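Here is what each chain is made of, one letter per residue.
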Amino acid sequence: MLKLKSFIAAVGVTVMAVSALAADITGAGATFPFPIYAKWAEGYKAATGTGMNYQSIGSSGGIKQIRAKTVTFGATDAPVKGEELDKDGMVQFPAIIGGTVPVINLDGFKPGELRVTGPVLAEMFMGKISKWNDPKFVALNPGKTLPNETITVVHRADGSGTTFNWTDYLTAVSKEWADTVGKGAAVKWPAPTSVGGKGNEGVAANVNRVKGSLGYVEYAYVKKNKMNFMQIQNADGKYVSPDDLTFAAAAASADWFSVPGMGVSMVNAKGANSWPVSTASFILMYKNPADKAASAEALKFFDWSFKNGKKMAADLDYVALPDTLTDQIRSKVWSQIQK
């Protein structure tokens, strides 16, 4: 399997630099899909000579940038509501599917060896479970010797679609979380030990640095940083590990056009193999773009990526959209964008 670290190093200059020879595509937003957008950009530039300058600044930043019309497309993991899309004159469509994962820094355990349920996870992030040897967590992991070590919660410090999806999940599985914290791109984290990190990169770095820590990042960052993670009990009561198969299982039942802007939530999806914090990452574009040529180039990029980028996505444990869905996106969504 392709090593994420090596390809990001190889394509970093290509992705972030603006080519003087071609009308490069500009986008900004979610850190969640950055690894696959980087890989797609590498392949697209090799095939067409056109680069893609993507700023991995977080979903809230991406929404601000597209609204300010400083980029051709915005990217967000927290889908914009239909009424806001109508007000802004924008369309929205999913580009890739992945999963958010609880990551830990706890000596003596292999990745996926420890298990957790949604309600217990919510109590950990609330600070109600503050030690790794709390009886509730011990009961889920019989036979394991868990340390009397403080849990340091690591969360996103910036406005984040990853946070939106993580808190959407905690809201779905914990009434107490729903009543006291709720879901959003930014929330008030209740655990006294909570510390922030910017982007998935910042959270991963802090978890790897702080002993006893617990955080949440997109799975590509788990692989890149060789992080430890926990299995989660899904809606069918099965403990599952994160990978492209469990993300795909969660996405299988999504009814994409049942929600304006295709903003479907896949958290806590039914299915024995479903990863419970699976999500799509979305693209925002104007129906009547100021720079129609640049907008057309962006659509060419996503068209190429949908057709040619499936293996690249699988190599990074993302899930590419099925052809039937991308055909619908072309006919129902892209058709609304003026050429």
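Residues numbered from 1 in each chain as written. Predicted model: local features only at pLDDT ≥ 70, side-chain atom pairs only at ≥ 80, totals over all residues. Heavy atoms only, no water.

**Comments concerning the overall build of the protein chain**
Counting its regular elements, the protein chain contains 14 helices and 12 strands. For a compact globule of 339 residues, the expected C-alpha radius of gyration is about 20 Å, and the protein chain comes in at 20 Å, within 12% of that figure. A principal-axis box enclosing the C-alpha atoms of the protein chain has dimensions of 60 × 40 × 35 Å. Per-residue burial for the protein chain yields a buried fraction of 57% across its 339 residues. Here the protein chain has roughly 13,500 Å² of accessible surface; of this, 53% comes from carbon and sulfur atoms. Between the averaged position of the 36 positive side-chain charges in the protein chain and that of its 29 negative side-chain charges there is a distance of 2 Å. (Helix = DSSP H or I, 4+ residues; strand = E, 2+ residues; numbered from the N terminus. Rg over C-alpha atoms; globule rule 2.2 N^0.38 Å. Buried < 20%, exposed > 50% of the residue type's maximum accessible area, 1.4 Å probe, protein only. Areas by Shrake-Rupley, 256 points an atom, 1.4 Å probe, with all protein chains shown as cover. Lys, Arg positive; Asp, Glu negative; His and termini not counted. Charge placed at Lys NZ, Arg CZ, Asp CG, Glu CD.)

**What about the nonpolar core?**
If you look at the biggest cluster of nonpolar residues, it comprises 94 residues, and the most contacted ones within it are Phe93, Leu121, Met124, Phe125 and Trp256. The element best represented in this core is strand β4 (residues 90-104), accounting for eight residues. Once residues lying within four places of it in the same chain are set aside, the contact partners of phenylalanine 93 are Met262, Ser281, Phe282, Ile283, Met285, Phe302, Phe306, Ile329, Val333 and Trp334. Core analysis: the second largest hydrophobic core is formed by nine residues, Ala28, Ile66, Val80 and Leu284 among them. (Core = buried A, V, L, I, M, F, W, Y, C linked by side-chain atoms within 4.5 Å. Contact = heavy atoms within 4.5 Å.)

**Here we look at the packing of aromatic side chains**
Going through the model one piece at a time under the given rule, you end up with 24 aromatic pairs. Arranged with centres 6.0 Å apart and planes meeting at 80 degrees, the rings of tyrosine 219 and phenylalanine 247 form a pair that is edge-to-face. Of the two residues, tyrosine 219 sits in helix α10 (residues 219-224) while phenylalanine 247 sits in helix α11 (residues 244-251), which places them 28 residues apart along the sequence. The same class applies to tyrosine 219 as to phenylalanine 247, namely buried. Ring centres of phenylalanine 306 and tryptophan 334 lie 5.9 Å apart, and the angle between their planes is 10 degrees; this geometry places the pair in the stacked category. Here phenylalanine 306, found in helix α12 (residues 292-308), pairs with tryptophan 334, found in the segment after α14 (323-333); they are 28 residues apart in sequence, far enough to count as distant. Site record: aromatic cluster; members linked through ring pairs are Phe34, Tyr37, Trp40, Tyr44, Tyr54, Phe73, Phe93, Phe301, Phe302, Trp304, Phe306 and Trp334. For the cation-ring pair, lysine 69 lies above tyrosine 286, with the distance from its terminal atom to the ring centre recorded as 5.1 Å. (Phe/Tyr/Trp six-rings, centres within 6.5 Å; stacked < 30°, edge-to-face > 60°. Lys NZ or Arg CZ within 6 Å of the ring centre and 35° of its normal.)

**Here we look at the packing of helix α2 (residues 34-48) against α12**
Taken N-terminus to C-terminus, the directions of α2 and α12 make an angle of 105 degrees; their axes are 10 Å apart at the nearest point. One finds that α2 runs roughly perpendicular with respect to α12. The residues of α12 that touch α2, namely those facing Tyr37, Trp40, Ala41, Gly43, Tyr44 and Ala47, are Glu297, Lys300, Phe301, Trp304 and Ser305. Residues that form the contact of α2 with α12 fall into these classes: seven nonpolar, two polar and two charged. (Axes fitted to C-alpha atoms, helices over the stretch in contact; angles between N-to-C directions. Parallel < 35°, antiparallel > 145°, perpendicular 65-115°, else oblique. Nonpolar A, V, L, I, M, F, W, Y, C, P; charged D, E, K, R; others polar.)

**Considerations on the packing of helix α5 (residues 118-126) against helix α7 (residues 161-173)**
Their axes nearest at 9 Å, the elements α5 and α7 cross at an angle of 120 degrees. Classified by the angle their axes make, α5 and α7 are oblique. For the pair α5 and α7, the sense of crossing is left-handed. For the pair α5 and α7, the contacting residues are Gly118, Pro119, Leu121, Ala122 and Phe125 in the first and Trp166, Tyr169, Leu170 and Val173 in the second. Looking at side-chain class alone, the contact of α5 with α7 contains eight nonpolar, one polar and no charged residues. (Left-handed = near helix turned anticlockwise from the far one by under 90°.)

**Section: the layout of surface pockets**
Estimated volume of the largest pocket: approximately 480 Å³. The wall of the largest pocket is formed by 28 residues, among which Ala78, Pro79, Val80, Lys81 and Phe164 lie closest to the centre. Listed by contribution, the elements that provide at least two residues to the lining of the largest pocket are α3 (59-67), α4 (82-88), α7 and β12 (278-286). Per element, the largest residue contribution to the lining of the largest pocket is four residues, and it comes from α3. Residues that form the lining of the largest pocket fall into these classes: 12 nonpolar, nine polar and seven charged. In this structure, the second largest pocket occupies an estimated 230 Å³ of space. (1 Å grid on protein atoms, 1.4 Å probe; cavity = no way out; pocket = protein on both sides within 12 Å on 5 of 7 lines; lining within 4 Å. Points joined across faces, edges and corners; volume = space filled by probe spheres on them.)

Just geometry here; none of it tells us what the structure is for.
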